[in-house]
Amino acid sequence: MLNRLKALFAKIPVLRSMKVYIFLVMLVIGIVPSYITRVGILQSYEERAVSLRLTDTQTQFKIIANHLLNNNYLRDTSSEAINAELEQMSNLYDGRVLIINSNFRIVKDTYGISEGKTIISEEVIRCFKGEEVSNYDRKSGYIEMTIPITETIYQTGQASDSQKEDGPAPVQGVMLASVSTDNIEATLEILNRKALIVEIVISIFIFGISMAFSTLLIHPFNKVTRAINEVKDGFQEEPISVKDYLETEHIVDAFNQLLSRMKVIDDSRQEFVSNVSHELKTPLTSMKVLADSLMQQEGAPVELYQEFMQDIGEEIERENKIISDLLSLVKLDKTAAQLDITAVDMNGLLELVLKRLRPIARQRDVEMVFESIRPVTAEVDEVKVTQIFTNLVENAIKYNKEHGWVKVLLDADHQFFTVEISDSGIGIPQEDYDHIFERFYRVDKSHSRQIGGTGLGLSITRGAILLHRGSVKVSSVEGEGSCFTVKIPLIHVKQ
Ligand code: ADP
């Protein structure tokens, strides 16, 4: 049932509107009680009126029944006074009265049709047993009742001594009367019409109020939509504010946060683009300067040409390195979900990384030590992890001192493996800890450039570590050395 209702609501777009919901709910809450009140009041009026009519007429018929007994009417119906009384009653209530004697014979019918006939009906039989029966027939607009004609009850309301001993006096006859309730129905009709008019007026009033309220209540949400559209269309750049409800404030807050995040992303993209252009332009500018100065010197010696060409070659190599680093960075973003995970022997991998970097270390007279607490096999992307440790160890060599050392320590627990790369190098100032992982950030620009750095290495490294759901920490003492600690889960869990 609920699902069918939901499907219906989904099909008719108007029914999904919050404004329509509020309108309908207010309408129902307003109109249903007025309908219930009208029907309830009319019903209880009818019940009360019918029961009053019943007790009223019963009392009067009981008095007449008493007169009947006193005048021995069941045997002789000639008493004019009683006949007049009966006639008057049936005229008054637009009804009919039948008097039935103990032989079930009708001795008197105010309509004069059934006199002398025998009547054996359930009500009459029950009445002869002393039971008063009354029945309201709503459809035909009549109350039917039977009144037992017995000696005691109607006289003074007190039982005689003999009856107290022998039980109730026998029923000598039955009065079967029906009285019309037409005037009750007519009053009901008038009341109903008046109440209906009041109800319609109330309904129109509630309709108007619901309409106004639902529009008013929804207004702040329309304001939010308008404000967001203005931002979307570019008319508004400042954070928006709709403080009418706590809810709209929450929506607007969330939107403003999203806006500022998008601004940060946009700023960083712009910064990245300008950094990239700057970095790519630097080697080109150097090459142009070198080429121009050669061109200006007529008849320059071959040695000078060779020297300048060597410098130009170095600049080309730098340009090449920046471009390949940029490509790695872009690839890292693009292939976020595409890790080629295999079980890799980390001891073997680190030994290979050190072996490849040994020539550079030797060049700078840096000693390299590898220490492993235990053999470690981890589920990682071999190419990316090789890149991580190559970058870190290469940095440790590059930013070292003469006769320095680099130490690589591998360890693992049951969840993670850790690689500590420490060096005896120049160190990193504490305020730069967070920045060194940013693209193109270099603590000492000229020094980094001099030794062929691009400022992208650590950014690529951190990206690859995060892809493995790992972490990297740095600690350093300026002038004494640095230590990078990488922690990566042994088992790869897909995202
Ligand atoms: P680069 O290509 O310049 O080396 P990285 O992103 O690899 O770029 O490193 C960023 C900066 O962090 C470097 O320029 C350097 O100043 C600093 N840095 C990185 N590793 C070390 C280290 N082991 N010792 C001292 N400084 C380091």
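Coordinates for the structure precede this section.
No experiment lies behind these values; they were computed from the predicted model shown. (Residues numbered from 1 in each chain as written. Predicted model: local features only at pLDDT ≥ 70, side-chain atom pairs only at ≥ 80, totals over all residues. Heavy atoms only, no water.)

(A) Representation of the overall build of the protein chain within the structure. For the protein chain, the count of helices and strands is twelve helices and twelve strands. The C-alpha atoms of the protein chain give a radius of gyration of 53 Å, which is well past the 23 Å a tight globule of 495 residues would have. Reported as C-alpha extents along the three principal axes, the dimensions of the protein chain are approximately 165 × 55 × 35 Å. Looking at the 495 residues of the protein chain, the share that counts as buried comes to 38%. Look at the contacts in the protein chain between residues 6 or more apart in sequence, and 68% of them connect residues 24 or more apart. Side chains of the protein chain carry 53 positive and 69 negative charges; the gap between the two charge centres is 4 Å. (Helix = DSSP H or I, 4+ residues; strand = E, 2+ residues; numbered from the N terminus. Rg over C-alpha atoms; globule rule 2.2 N^0.38 Å. Buried < 20%, exposed > 50% of the residue type's maximum accessible area, 1.4 Å probe, protein only. Contact = heavy atoms within 4.5 Å. Lys, Arg positive; Asp, Glu negative; His and termini not counted. Charge placed at Lys NZ, Arg CZ, Asp CG, Glu CD.)

(B) Local environment of the sheet that holds strand 4 (residues 142–149). Here we have five strands laid out as an open sheet, ordered 2-1-5-4-3, and antiparallel in their pairing. The open sheet has two free edges, formed respectively by strand 2 (106–109) and strand 3 (133–137), since each of these has just one partner strand. Mean inter-strand twist for the sheet, computed between neighbouring axes without regard to direction, equals 15°. Pairing geometry for strand 3 and strand 4, over five bridges, is antiparallel. Counterpart to S134 in the pairing with strand 4 is M145. Sitting on the sheet, helix 3 (residues 80–92) is in contact with strand 1 (96–101), strand 2 and strand 5 (173–180), with an inclination near 140° to strand 1. (Pairing = 2+ DSSP bridges. Axes fitted to C-alpha atoms, helices over the stretch in contact; angles between N-to-C directions.)

(C) Fine view of the nonpolar core. Among the nonpolar cores identified, the biggest contains 51 residues, and M346, F389, V393, V406, F417, I421 and F484 are the most heavily contacted of them. Summarising the domain contributions, this core has at least three residues from each of domain 1 (246–331) and domain 2 (334–489). If we skip the residues at most four places from it in the chain, V406 touches V366, E367, M368, V369, V393, A396, I397, N400, I421, S422 and D423. Membership of the second largest hydrophobic core comes to 25 residues, among which are A49, I149, M175 and V179. (Core = buried A, V, L, I, M, F, W, Y, C linked by side-chain atoms within 4.5 Å. Domains from an automatic or database assignment.)

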